[in-house]
Each structure stands twice: as C-alpha cells, then as structure tokens.
Amino acid sequence: YFKGKVMPNVYVAGKPASTKSAEQIKKQVDDQVEQLKLSFETEGRVLTPTYDQIGFQVDSDQTVKNAFLAFPVYDSPWRWICEKCVSRDCALLNDG
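Fair warning: this is a prediction, and the values are worked out from it, not measured in the lab.

How each quantity is defined
- Residues numbered from 1 in each chain as written.
- Predicted model: local features only at pLDDT ≥ 70, side-chain atom pairs only at ≥ 80, totals over all residues.
- Heavy atoms only, no water.
- Core = buried A, V, L, I, M, F, W, Y, C linked by side-chain atoms within 4.5 Å.
- Buried < 20%, exposed > 50% of the residue type's maximum accessible area, 1.4 Å probe, protein only.
- Helix = DSSP H or I, 4+ residues; strand = E, 2+ residues; numbered from the N terminus.
- Polar contact = N/O pair within 3.5 Å; in protein donor to acceptor, adjacent residues only side chain to side chain.
- pLDDT = per-residue confidence, 0-100.
- Contact = heavy atoms within 4.5 Å.
- Salt bridge = Lys/Arg side-chain N within 4 Å of Asp/Glu carboxyl O.

A. Expanded view of the nonpolar core. Val-6, Met-7, Val-10, Val-12, Ala-17, Ile-25, Val-29, Val-64, Ala-67 and Phe-68 together form the largest nonpolar core, which totals ten residues. Counting residues per element, the ones that place at least two in this core are helix H1 (22-35) and helix H3 (60-69). Among the elements that line this core, the one with the most residues is H3, at three residues.

B. Examining H3 more closely. All of the buried residues along H3 are Ser-60, Val-64, Ala-67, Phe-68 and Leu-69. Here H3 starts with a cap whose side-chain oxygen sits 3.3 Å from the backbone nitrogen of Asp-61, and that cap is Asp-59.

C. Region of the structure containing the confidence of the model for the chain. Averaged over the chain, the pLDDT score is 79; the fraction of residues at 70 or greater is 72%. Taken element by element, the predicted model of the chain shows its lowest mean pLDDT in helix H5 (residues 91-94) (49) and its highest in strand E4 (residues 45-47) (94).

D. Expanded view of unusual backbone geometry. Located in the positive-phi region is Asn-9, a residue other than glycine, with phi close to 65 degrees. Along the chain, the position of Asn-9 falls in the segment before strand E1 (11-12).

E. Region of the structure containing the side chain of Ser-21. Relative to the helices and strands, Ser-21 resides in the loop between strand E2 (15-16) and H1. With residues up to four places along the chain from it excluded, the contact list for Ser-21 reads Gly-4 and Phe-68.

F. Structural context of the side chain of Ser-60. Within the secondary structure layout, Ser-60 lies in helix H3. Taking the relative accessible area as the measure of exposure, Ser-60 reaches 8% and is therefore buried. When near neighbours in sequence (up to four residues on either side) are disregarded, Ser-60 contacts Lys-26, Val-29 and Asp-30.

G. Spotlight on the pattern of salt bridges. Considering all chains together, one arrives at three salt bridges under this definition. Lys-26 serves as the salt-bridge partner of Asp-30, at 3.5 Å between the closest nitrogen and oxygen. With a gap of four residues between them, Asp-30 and Lys-26 both fall in helix H1, about one helical turn apart. With a relative accessible area of 30%, Lys-26 lands in the partly exposed category.

This is how it looks when you write it as structure tokens:
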C-alpha cells in the first residue's frame, strides 16, 4: 500500500504528508511557498522584500525526498526499511 507513498505520521511544513505521492507533496510545498508572504516593519515603514532579495529558497524536490526518508517509528520491526532509505537504496524513492 505504501509503495510510492509517504509513511504514516509524517508531516511536511506542518501539514500531513502520510500516504501522499511525491507529486502531491511537491504541489503541497509549492502551494505553501506561493502563499507565504513576508514583511518587516521598521521605524514605521513596512518592507515587503522578494524572496530573491533576502535569499529565501525552498528546495521542494529535496523536501519530497526527505518526506520519503522519514520513518517515525524507529523501534518497529520495519526498521530495516528506514535504514535502506537512509542509505538512498530505497524502492520508495526510486519507484521500484
């Protein structure tokens, strides 16, 4: 059931990612970044810089990979799955 999906009890940026595909998580992250608005108030002025101006970046592809590497129950009999993911030799990451 979890082939190509994130394991249970995994959250990405505070939102549930369990049982979602890589495409669904990438869209979730990209949507959150798009909705994020930054502003700073100083000396009575409000500044709204662009992400480029402050060097803000989100690597949504790496975020997706990290979600697939997350395995919240390390003391489970399935621990070997997590260890394979950490070594990057993981069918969940490689769709195979």
